[in-house]
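Listed below are the residues making up each chain.
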Amino acid sequence: MKSFDHRRVNNYTIRMVHDTEFEATVKDVKKHLTKFQDNPDYQISRISMLTDPFGDPPGYYVEMWVNQLTPENKELDYTVIDGWIIQVYPESHNN
């Protein structure tokens with residue numbers, strides 16, 4: 001894939017910036033999430049980290065999918081870690 005850095009589009013030049021502060025924050029949040037995921041009380045099946053760059057301010061969200069709702073994972077719903085909002089969702093199991 002070709003880099004878009006310094007490519008001209010009409011009268012504009014695209015400038016790619018490597019955001020090391022953002023990457024450090026993501027790494028720190030993942031470290032916290034791993035602790036929750038390693039604890040069976042939270043019943044976590046998968047975790048997704050999403051950004052909403054169009055919000056004002058931009059939004060940072062963690063979707064935490066759980067096998068079943070527990071007091072532990074319910075307590076995490078809508079808590080914030082380093083600006084990332086945790087949202088807990090139960091997996092739907094079709095029987």
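Residues numbered from 1 in each chain as written. Predicted model: local features only at pLDDT ≥ 70, side-chain atom pairs only at ≥ 80, totals over all residues. Heavy atoms only, no water.

K.L.:
Explanation requested: the overall build of the chain in the structure shown.
P.N.:
Scanning the chain for helices and strands turns up 2 helices and 6 strands. N-terminal to C-terminal, the α/β element order of the chain is β-β-α-β-β-α-β-β. For the chain, the C-alpha radius of gyration of 18 Å lies well beyond 12 Å, the compact-globule estimate for 95 residues. By its C-alpha atoms, the chain is 55 × 30 × 30 Å across when sized along the principal axes. (Helix = DSSP H or I, 4+ residues; strand = E, 2+ residues; numbered from the N terminus. Rg over C-alpha atoms; globule rule 2.2 N^0.38 Å.)

K.L.:
Explain unusual backbone geometry to me, please; I cannot follow it from the model alone.
P.N.:
Keep in mind that most residues, glycine aside, have a negative phi and that most peptide bonds are trans. With omega at 5 degrees, the peptide bond leading from Asp-56 into Pro-57 counts as cis. Assignment of secondary structure puts Pro-57 in the loop between strand S3 (44-52) and strand S4 (59-66).

K.L.:
So what exactly am I meant to see when it comes to the pairing of S4 here?
P.N.:
The two faces of the sheet receive side chains in turn, since in a regular strand these alternate between them. Bridge count between S3 and S4: 8 bridges; the pairing is antiparallel. From the neighbouring strand, Ile-44 faces S4, where its bridge partner is Val-66. Linking two consecutive strands that pair antiparallel, namely S3 and S4, is a turn of 6 residues. In terms of strand pairing, S4 meets strand S6 (residues 84-90) through 6 bridges, oriented parallel. Looking at the pairing, Tyr-61 lines up with Ile-85 of S6. (Pairing = 2+ DSSP bridges.)

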